[in-house]
Amino acid sequence: MWTLRYQDGTLIVEGADLADLPEEFEFDDRIKAPRGPAWRYADVVLGAHRSGRPLDDQAKAFEKLPLEHLAERQARPYQREALDAWVANGRRGAVILPTGSGKTFVAELAILTTQRPALIVAPTIDLVNQWHTRMRAVFGVACGILGGGVHELGPITVSTYDSAALHLGRYGDRFGLVVWDEAHHLAAPGRIAAAECCLAPFRLALTATWERQDGREELLHSVLGGGIVYRREITELAGDYLADYETVQLIVHLGPKERARYEECRETFRDFCRSEGIGIGGPGGWQSFLRASARSKAGRAAHKCFMEYKSIAHGSEQKLELLASLLADEHGRRTLIFTHDNATAYRVSREFLVPCITHRTDIRERKAIIEAFSAGTLPVLVTSRVLNEGVDLPEAEVAVVLSGSGTVREHVQRLGRILRPGKGKQAILYELVSAGTTEEYASSRRRQHSAYQQPS
């Protein structure tokens, strides 16, 4: 007989031979039994059942839950397809759906069909609170929270990624299902390690943007028990389940003084990189520059010039003039203005007298601004990057990308902010790009997604 025990994020299998267990298991001389990562629990149990071995499962600390879904809502066809694909894969794997398409409802269906205590992991406390409110409403059970100063477990518990990393070694035996929201965050090294501490046999990853620049999403296949089981893109759902939308790229030009200063700063930066033998575009180039720039006066000057020429491109005078024109054209529509950096966001806030949200914004102030935006009393909002994900703003219908990174994920997330469906809604995203600057390259990179290759 095999006896399974859970201990600090690991699974102990007494009475088993290593040859009969997954390859991650090793013999622990201290306890005279094989020990392996807890996430292999389902494979160990299934292996025992298939071979007819008797099993004493003392590892899991959960039982079935009599859950009922209290909301009167019918699944859309693609939501049902996503659930069916996930169930067919042993209730494991990733579902990729656009922002605004109802990924939360897919998770609700997964929790309902699994009937086990569930842990939902989200990247921000805002998202944790949204999930907590929704789960209490639709299942009518006491829900726990890990994060934001709260440490409570319930039949359904919602956690931040950071809190999950801290506590899953302790609580990893208490959940039969784990849902990772915005699952691209899971690929970070410490977060994968935390996921390995949980024995939950059922696992669901949800995101609109699966691919990462570092390619680490490939590492999630094992810990999820499978890769992508279902995927739909923005272009497939727009018009029927998402708002119709249009994307417009607008090219602006630096003024003579801006151009001269831009070229001067950029050349100073490039001269320093050449002198240090740093290939800034290659792997590790940016980290090498940061290390080198901290060692000398010339390096610090090069870093300052780098920040300045980026700032010139991100917030040129013509960009701000065009922004004024766009705000006039879209007057009365709920509009989000996105910038790459806080300084540009604060500048827009001052010059256009619109509220600003950055990572420094107080939680109560942020909540008040978002509520006013949703109500229409403050119809224009500028932000750096904190609203790329994690906030539900269904009323938003216009996005102006004043500046941003070169990542496809960020651009798709920003488009997703305005795609919540509404009667007669026609969403539009304006992307402002400074000609003859590094923004042109960044723009071409971040537009490499089918959502931006649609004819306008």
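These remarks concern the structure in this document. All residue numbers refer to position in the chain's written sequence, counted from 1. Selection of residues for local features in this predicted model requires a pLDDT of at least 70, selection of side-chain atom pairs for listing and counting requires 80 or more, and totals for whole chains, interfaces and linings are taken over all residues. The side-chain quantities take in all heavy atoms of the structure and omit both hydrogens and water.

### With respect to the packing of aromatic side chains
- Two aromatic rings, drawn from Phe, Tyr or Trp (for Trp, its six-membered ring), form a pair once their centres lie within 6.5 Å of each other, and the interplanar angle then sorts them: stacked below 30 degrees, edge-to-face above 60, tilted otherwise. Inspection of the entire model under this criterion finds 10 aromatic pairs.
- Look at Y262 and Y309: their rings are 5.3 Å apart centre to centre, the planes differ by 80°, and that puts the pair in the edge-to-face class. Of this pair, Y262 sits in helix α9 (residues 256-276) while Y309 sits in helix α11 (residues 297-314); the two residues are 47 residues apart in sequence, bridging distant segments of the chain.
- Here Y309 falls in the buried class, since its relative accessible area comes to 3%.
- When the ring of F272 is compared with that of F289, the centres are 6.0 Å apart and the planes differ by 80°; the resulting orientation is edge-to-face. Secondary structure is summarised from DSSP: a helix means a run of H or I of at least four residues, a strand means a run of E of at least two, and numbering begins at the N terminus for each. Accessible area is worked out with a 1.4 Å probe on protein chains only. A residue is then buried under 20% of its type maximum, exposed over 50%, and partly exposed in between.

### Side note on helix α14 (residues 363-375)
- The first and last C-alpha atoms of α14 sit 18 Å apart over 13 residues, in line with the 18 Å expected at 1.5 Å per residue.
- All of the buried residues along α14 are R366, I369, I370, A372 and F373. Projected onto a plane normal to the axis of α14, the buried residues spread over an arc of 160° and lie on a single side. Residues of α14 that are exposed and point more than 90 degrees away from the buried face comprise I363, R364, K367 and A375. Helices are assigned an expected span. That span is 1.5 Å times one less than the residue count. Taking the helix axis as origin, the arc is that swept by the directions to the C-beta atoms.

### A closer look at the nonpolar core
- Core analysis: the biggest nonpolar cluster contains 59 residues, and I111, W131, M135 and L415 have the highest contact counts within it.
- Counting 27 residues, the second-largest nonpolar core is a separate cluster that includes I96, V121, C197 and W210. In these notes, a set of buried Ala, Val, Leu, Ile, Met, Phe, Trp, Tyr and Cys residues joined through side-chain atoms within 4.5 Å is what counts as a nonpolar core.

### Details of empty space enclosed by the protein
- Using protein atoms alone on a 1 Å grid, points that fit a 1.4 Å probe yet trap it form a cavity, whereas open point sets bounded by protein on both sides within 12 Å along at least five of seven lines form a pocket; residues with an atom within 4 Å of a point count as lining. Grid points are joined across faces, edges and corners, and a volume is the space filled by probe spheres set on the points. Per the stated rule, a full pass over the model turns up three cavities of 30 Å³ or more.
- Taken as a whole, the largest cavity encloses approximately 50 Å³ of empty space.
- Forming the boundary of the largest cavity are V121, Y161, A164, L168, W180, L186, R191, A194 and A195.
- Contributing elements (two or more residues each) for the lining of the largest cavity: α5 (161-171) and α6 (189-196).
- The nonpolar class holds Ala, Val, Leu, Ile, Met, Phe, Trp, Tyr, Cys and Pro. Asp, Glu, Lys and Arg form the charged class, and all remaining residues, Gly among them, are polar. Grouping the amino acids of the lining of the largest cavity by side-chain chemistry returns eight nonpolar, no polar and one charged.

### A closer look at the packing of α5 against α6
- For helices, the axis comes from a line fit to the C-alpha atoms of the stretch in contact; other axes are also lines fit to C-alpha atoms, and the angle between any two N-to-C directions lies between 0 and 180 degrees. It is at 8 Å that the axes of α5 and α6 come closest, and there the two elements cross at 50°. Classified by the angle between their axes, α5 and α6 sit oblique to one another. At the point where α5 passes α6, the crossing takes the left-handed sense. In this structure, α5 uses Y161, D162, A164, A165 and L168 to contact α6, whose residues at the interface are R191, A194 and A195.
- By residue class, the composition of the contact of α5 with α6 is six nonpolar, no polar and two charged. These descriptions rest on fixed angle ranges, namely under 35 degrees for roughly parallel, over 145 for roughly antiparallel, 65 to 115 for roughly perpendicular, and the rest for oblique. By the definition used in this description, the sense in which the near helix is turned from the far one sets the handedness, with an anticlockwise turn below a right angle giving left-handed and a clockwise turn giving right-handed. In what follows, a contact means two residues having at least one pair of non-hydrogen atoms within 4.5 Å.

### What to know about the sheet that holds strand β3 (residues 26-28)
- Strand order across the open sheet formed by five strands is β3-β4-β2-β1-β5, with mixed pairing between neighbours. Unpaired on one side and paired on the other, β3 and β5 (55-57) mark the two borders of the sheet. On average, adjacent strands in this sheet sit at an angle of 30° to one another, irrespective of strand direction. Pairing between strands is defined by DSSP: at least two bridges between the two strands are required.

### Here we look at the layout of surface pockets
- The volume enclosed by the largest pocket comes to roughly 1300 Å³.
- Around the largest pocket sit 34 residues that line it, and W286, F306, K310, G406 and R445 are the ones nearest its centre.
- Of all the secondary structure elements, the ones that give two or more residues to the lining of the largest pocket are α9, α10 (285-293), α11, α13 (342-352) and α16 (438-446).
- Take the lining of the largest pocket: its biggest share by element is seven residues, from α11.
- Its residues assigned to classes, the lining of the largest pocket shows 12 nonpolar, 15 polar and seven charged.

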